[in-house]
Amino acid sequence: EHRLIGIRQRTLVQENKVYGKYRPARISGQLCNHPLAFNLYGFDRAKENIENMRLAIVVESEKSVLQYMSYMGLKNNICVAVCGSSISRYQFQLLLDAGVQEIVLGFDRDFQNMYDKEYEENLEKITRLYNKLSAEVTVSVLFDEYNLLGYKNSPMDCGKDAFLYLWRHRIGY
C-alpha cells in the first residue's frame, strides 16, 4: 500500500549533522515524524520482487534505495531502508513474512582506515546484526574491504560499478 507515513529531510549543513544527517521534516510548524522501527522505506515497491527472489538488500537510508533503483530499475528492486543502522524485529518480520531467505546488508562505511578503531567498531556492529539475523536467514554483507567508498558512504554512493563490484564480492555469500 502506498501511503505517506512521515517525511524526513537530509541536512547538508555540517553543524546540523551532530543531530543526524536525516531528521523529521517540519512543514508549516508540524513535525512530520514517524516511528522508524515500524517501517521499511521502499518495501511497498520492493515487496513483490523480494517475494519472488527471496532476497532483500537492506540499507540505512532512503537515498540509497533511490540510488539502487536508478541503477537496477524498479522492476528489479529488492532494496529497502531501515532508516538507521540497525534492523528492528518488526522490520525483520516484514522481510520474513515476504519469504526472504537471504538478506544482504549494505550499510554505510563508517570508518576511514582499515583496522583502526572505527573499522573495528563498524565490524562489531555488522557482526552483531549478522548474528541476530543468521539464525533464520542467510546473511551476506556489502563490506568495503577494497577502498571503493569514501568515509560515511553507502555501497550505493559511488556509482553502479562500485555497487556491482561490492555485490559480486559480498562477504558470507
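Residues numbered from 1 in each chain as written. Predicted model: local features only at pLDDT ≥ 70, side-chain atom pairs only at ≥ 80, totals over all residues. Heavy atoms only, no water.

A. Here's a closer look at the pattern of salt bridges. In total, this model carries nine salt bridges according to the counting rule given. Close ionic contact of D110 with K152 constitutes a salt bridge, the shortest N to O distance being 3.7 Å. Of this pair, D110 sits in the loop between β7 (102–106) and α4 (117–133) while K152 sits in the loop between β8 (138–141) and α5 (160–168), and the two are 42 residues apart along the sequence. Residue D110 is classed as buried on the basis of its relative accessible area, which comes to 18%. A relative accessible area of 38% means that K152 is categorised as partly exposed. The structure contains a network of salt bridges with shared partners spanning E60, D110, K125 and K152. (Salt bridge = Lys/Arg side-chain N within 4 Å of Asp/Glu carboxyl O. Helix = DSSP H or I, 4+ residues; strand = E, 2+ residues; numbered from the N terminus. Buried < 20%, exposed > 50% of the residue type's maximum accessible area, 1.4 Å probe, protein only.)

B. Region of the structure containing the side chain of E102. Summarising the element assignment, E102 is placed in strand β7. Within the local environment of E102, its side chain forms a polar contact with the side chain of R170, the two groups lying 3.5 Å apart. (Polar contact = N/O pair within 3.5 Å; in protein donor to acceptor, adjacent residues only side chain to side chain.)

C. Structural view of the side chain of Q67. The residue Q67 is located in helix α2 (residues 62–72) in this model. A relative accessible area of 18% means that Q67 is categorised as buried. Setting aside its immediate chain neighbours within four residues, Q67 contacts S154, M156 and D157. (Contact = heavy atoms within 4.5 Å.)

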